[in-house]
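Structural overview
Residues per chain, in single letters:
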Amino acid sequence: MRTIAAWLVMNWKGSNMTLIYDKTGAIVRRSRNLRGLLEHARRVVPVSARLERLHSSGPDTGFYRLCVRFHNGDIAVSPFSDWRVAADWCRSRRSWGRLAFEGLPDFVERADA
């Protein structure tokens, strides 16, 4: 994962927008909500989702980043303020059933299934 897009994802400082990068690091799509990510996922198959805690203001609060990798090498980055919301959102995508979940102890075992 040593591409420009990977560098952009790792150095993403936090934004209230969902951004989708291609392999070269160019922004393919921007969205103020998760609709852009869902539209992109209809065209390109998502492969994995990784949830990372960026900073925390308490034991159960913080700021989280959801990174979704796609089959063609695109990477989507979206902010969440609660990991439970991110886990519920990913779990409610029926077409993402075979998606590999990584990080934040695998979304806390997919929100206790």
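To start, this report covers the structure provided alongside it. Just so it is clear, the structure is predicted and the values come from calculations on it, not from any experiment.

**Here's the deal with the environment of V45**
- Along the chain, the position of V45 falls in the loop between α2 (35-43) and β3 (46-55).
- When the C-alpha atoms of V45 and F70 are compared, they prove to be 5.7 Å apart, with 25 residues separating the residues in sequence.
- Contact partners of V45, with chain neighbours within four places excluded, come to F70 and H71.

**Section: the pattern of salt bridges**
- Enumeration over the complete set of coordinates arrives at three salt bridges.
- Between E52 and R50 there is a salt bridge; the shortest N-O distance is 3.2 Å.
- Across the pair E52 and R65 runs a salt bridge, and its minimum N-O distance is 2.3 Å. Highlighted residues: E52 in strand β3 and R65 in strand β4 (residues 63-70), separated in sequence by 13 residues. R65 shares its class with E52; the two are buried.
- Within this structure, R50, E52 and R65 form a network of salt bridges that share partners.

**Brief notes about helix α3 (residues 83-91)**
- Inspection of α3 places W83, A86, A87, W89 and C90 among the buried residues, and these make up the whole buried set. On an axial view of α3, the arc spanned by its buried residues comes to 165 degrees, and they lie on one face.

**Points about the nonpolar core**
- If you look at the biggest cluster of nonpolar residues, it comprises 21 residues, and the most contacted ones within it are L66, V68, F80, W89 and W96.
- The element best represented in this core is α3, accounting for five residues.
- Grouped together as the second largest cluster of nonpolar side chains are five residues, L19, C67, I75 and V77 included.

**A look at the side chain of E52**
- Taking relative accessible area as the criterion, E52 reaches 15% and is therefore assigned buried.
- Only 3.2 Å separates the side chain of E52 from the side chain of R50, close enough to count as a polar contact.
- For E52, the side chain forms a polar contact with the side chain of R65, separated by 2.3 Å.

**A short note on the pairing of β4**
- Counted residue by residue, β4 has six buried out of eight residues, so it is predominantly covered.
- Bridge count for β4 against strand β5 (residues 75-80) is six bridges, and the pairing is antiparallel. Among the inter-strand pairings, V68 is bridged to a residue of β5, identified as A76.
- Two successive antiparallel strands, β4 and β5, enclose a turn made up of four residues, where G73 displays a positive phi of approximately 100 degrees.

Rules of the game
Residues numbered from 1 in each chain as written. Predicted model: local features only at pLDDT ≥ 70, side-chain atom pairs only at ≥ 80, totals over all residues. Heavy atoms only, no water. Helix = DSSP H or I, 4+ residues; strand = E, 2+ residues; numbered from the N terminus. Contact = heavy atoms within 4.5 Å. Salt bridge = Lys/Arg side-chain N within 4 Å of Asp/Glu carboxyl O. Buried < 20%, exposed > 50% of the residue type's maximum accessible area, 1.4 Å probe, protein only. Arc of directions from axis to C-beta. Core = buried A, V, L, I, M, F, W, Y, C linked by side-chain atoms within 4.5 Å. Polar contact = N/O pair within 3.5 Å; in protein donor to acceptor, adjacent residues only side chain to side chain. Pairing = 2+ DSSP bridges.

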